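# Examining the three-dimensional arrangement
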Amino acid sequence: MESLGPLLKMEGIGKSYFGNRVLKNVSFTLNKGQILGLVGENGAGKSTLMNILFGMNVIHDTGGYEGRILINNREIRFDSPLDALEAGVGMVHQEFSLIPGFTATENIVLNRESTKYNILVESFGERLKTLDKGKMKERARSAINKLNVELVEDTLVTEMPVGHKQFTEIAREIDKENTQILVLDEPTAVLTESEADILLKSMKRLSELGIAIIFISHRLQEIMEICDKIIVLRDGEVVEETIPSETSIKDIASHMVGRSIE
């Protein structure tokens, strides 16, 4: 049964590091299939907010956080990123976490490889199942097709242009069957203009499949073009929540810096 109400709800989120307050009473909702643009200057609190959502150790090791996070109306407190992944929250960071000597397929299905039965399983158990490379390749191709990019699944990471590495990272999150929330942290920063256009179209396709996306970007034109809702953070607080049709790049920039932009 599909849950009523927002897919994700962050209520009154606050965080201090050693007496320095970096987030104060941050609240917002995210619906299934919605693209939310999260913007703010460097140091506004965007990364800390996403670290809280993703259960990063840096949050637990510094005293936790204030407020509540609800997914499908159930309050959650992730002890680690593994908990977040199991709950269907995926994140693509600015720094690539791909294994260079592996192919796109091997990176996309990493730690979730498809296996198949062989006769040795009878004597030695499940651990001697062999990799089902055909099935793995099929899964990788399916994830890549959802992005609608020209990426050959047998390509080694070392032979990929930067844009294809970014798409491989995103395909890995899509391959996880339960992914329902995807956080993209400055994904277009390393892309050419044409690659960025492809990514924006891919994000739209994913949203149509029901995946909710939190899109962090300094490229305000992209935020205006792709997002259903925009949240502006300044000095750790939400200073504006709006939709593209009711704002402008100039207005967003003014909210980000706290003064009028000429």
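First, a word on what this report is: a plain description of the structure on this page. Predicted model, so just to flag it, every value in this text is computed and none were measured.

Criteria and thresholds
The numbers attached to residues start from 1 for each chain and follow its sequence in the written order. Residues qualify for local features only when their pLDDT is at least 70, as the model is predicted, and side-chain atom pairs are given and counted only at 80 or more; totals for whole chains, interfaces and linings, by contrast, use all residues. Where side-chain values are given, they derive from all heavy atoms of the structure, hydrogens and water being excluded. Lines fitted to C-alpha atoms define the axes here, with helix axes fitted over just the stretch in contact, and angles between the N-to-C directions of these axes take values from 0 to 180 degrees. By definition, any uninterrupted DSSP run of H or I lasting at least four residues is a helix, any uninterrupted run of E lasting at least two residues is a strand, and each is numbered from the N terminus. Roughly parallel here means an angle under 35 degrees, roughly antiparallel means over 145, roughly perpendicular means 65 to 115, and every remaining angle is called oblique. Contacts between residues were defined by any pair of non-hydrogen atoms, one from each residue, lying within 4.5 Å. In the scheme used here, Gly and all other residues not listed as nonpolar or charged are polar, with Ala, Val, Leu, Ile, Met, Phe, Trp, Tyr, Cys and Pro taken as nonpolar and Asp, Glu, Lys and Arg as charged. Pairing between strands is defined by DSSP: at least two bridges between the two strands are required. The nonpolar core is taken to be a set of buried Ala, Val, Leu, Ile, Met, Phe, Trp, Tyr and Cys residues, with the residues joined through side-chain atoms within 4.5 Å. A simple rule labels every residue: compare its accessible area, found with a 1.4 Å probe on the protein chains alone, to the largest value its type can have, and call it buried under 20%, exposed over 50%, or partly exposed in between. Each patch is built from salt-bridge-free residues with over 30% relative accessible area, joining like charges within 9 Å and nonpolar side chains (Val, Leu, Ile, Met, Phe, Trp, Tyr) within 5 Å. Using the Shrake-Rupley algorithm and a 1.4 Å probe, accessible areas are obtained, with residue cover drawn only from the displayed protein chains. Salt bridge, as used here: a side-chain nitrogen of Lys or Arg that lies within 4 Å of a carboxyl oxygen of Asp or Glu. Take the residue count of a helix, subtract one, and multiply by 1.5 Å to get its expected span.

## A look at the packing of helix H7 (residues 162-175) against helix H8 (residues 193-208)
Two packed helices can be described by the angle between their axes and the distance between those axes. Following both chains from N to C, one finds H7 and H8 inclined at 10°, their axes separated by 11 Å at the closest point. On the basis of their axis angle, the class for H7 and H8 is roughly parallel. Of the residues in H8, those touching H7 at Gly-163, Phe-167, Ile-170 and Ile-174 are Glu-195, Ile-198, Leu-199 and Leu-206. When grouped by side-chain class, the residues that make up the contact of H7 with H8 number 6 nonpolar, 1 polar and 1 charged.

## Overview of the packing of helix H6 (residues 133-147) against H8
Contact geometry for H6 and H8: axes closest at 7 Å, N-to-C directions at 110°. Our classification of the angle between H6 and H8 gives roughly perpendicular. In this structure, H6 uses Asn-145, Lys-146 and Leu-147 to contact H8, whose residues at the interface are Ser-202, Arg-205 and Leu-206. Taken together, the residues of the contact of H6 with H8 break down into 2 nonpolar, 2 polar and 2 charged.

## Focus: the sheet that holds strand E5 (residues 74-76)
Overall, antiparallel pairing links the 4 strands, which are arranged E2-E1-E4-E5 in an open sheet. Each edge of the open sheet is held by one strand with a lone partner, namely strand E2 (20-30) and E5. Between one strand axis and the next, the sheet turns by 30° as a mean value, whatever way the strands run. In terms of strand pairing, strand E1 (residues 8-17) meets E2 through 7 bridges, oriented antiparallel. Among the inter-strand pairings, Ile-13 is bridged to a residue of E2, identified as Val-26. Seen against the sheet, helix H1 (residues 46-53) touches E1, E2 and strand E4 (66-71) and runs at an angle of roughly 115° to E1.

## Overview of the nonpolar core
Ranked by size, the top nonpolar core spans 41 residues in total, and within it Ile-170, Met-203, Ile-213 and Phe-215 carry the most contacts. One finds Leu-38, Met-50, Ile-216 and Ile-231 within the second-largest nonpolar core, a separate group that totals 34 residues.

## Points about a nonpolar patch on the surface
On the surface, Phe-96, Val-162 and Val-190 cluster together into a nonpolar patch covering about 200 Å² of accessible area. Looking at the element boundaries, Phe-96 is found in the loop between strand E6 (89-92) and helix H4 (104-108).

## Observations regarding H8
Turn by turn, an α-helix covers 3.6 residues, leaving residues three or four places apart pointing in a common direction. A rise of 1.5 Å per residue sets the reference length of H8, with its 16 residues, at 22 Å; its end C-alpha atoms lie 23 Å apart and thus fit the reference within 8%. Where H8 is buried, its residues contact strand E3 (35-39), H6, H7, strand E9 (181-185), strand E10 (212-216) and helix H9 (220-226). Positive phi shows up at Gly-210, right after H8, with a value of about 100°.

## Remarks on the environment of Leu-49
Assignment of secondary structure puts Leu-49 in helix H1. On the accessibility criterion, Leu-49 (0% relative accessible area) is buried. Setting aside chain neighbours within four positions, we find Leu-49 in contact with Met-10, Ile-13, Leu-23, Val-26, Phe-28, Leu-38 and Leu-233.

From the geometry alone we can't say anything about function, so treat these as descriptive.
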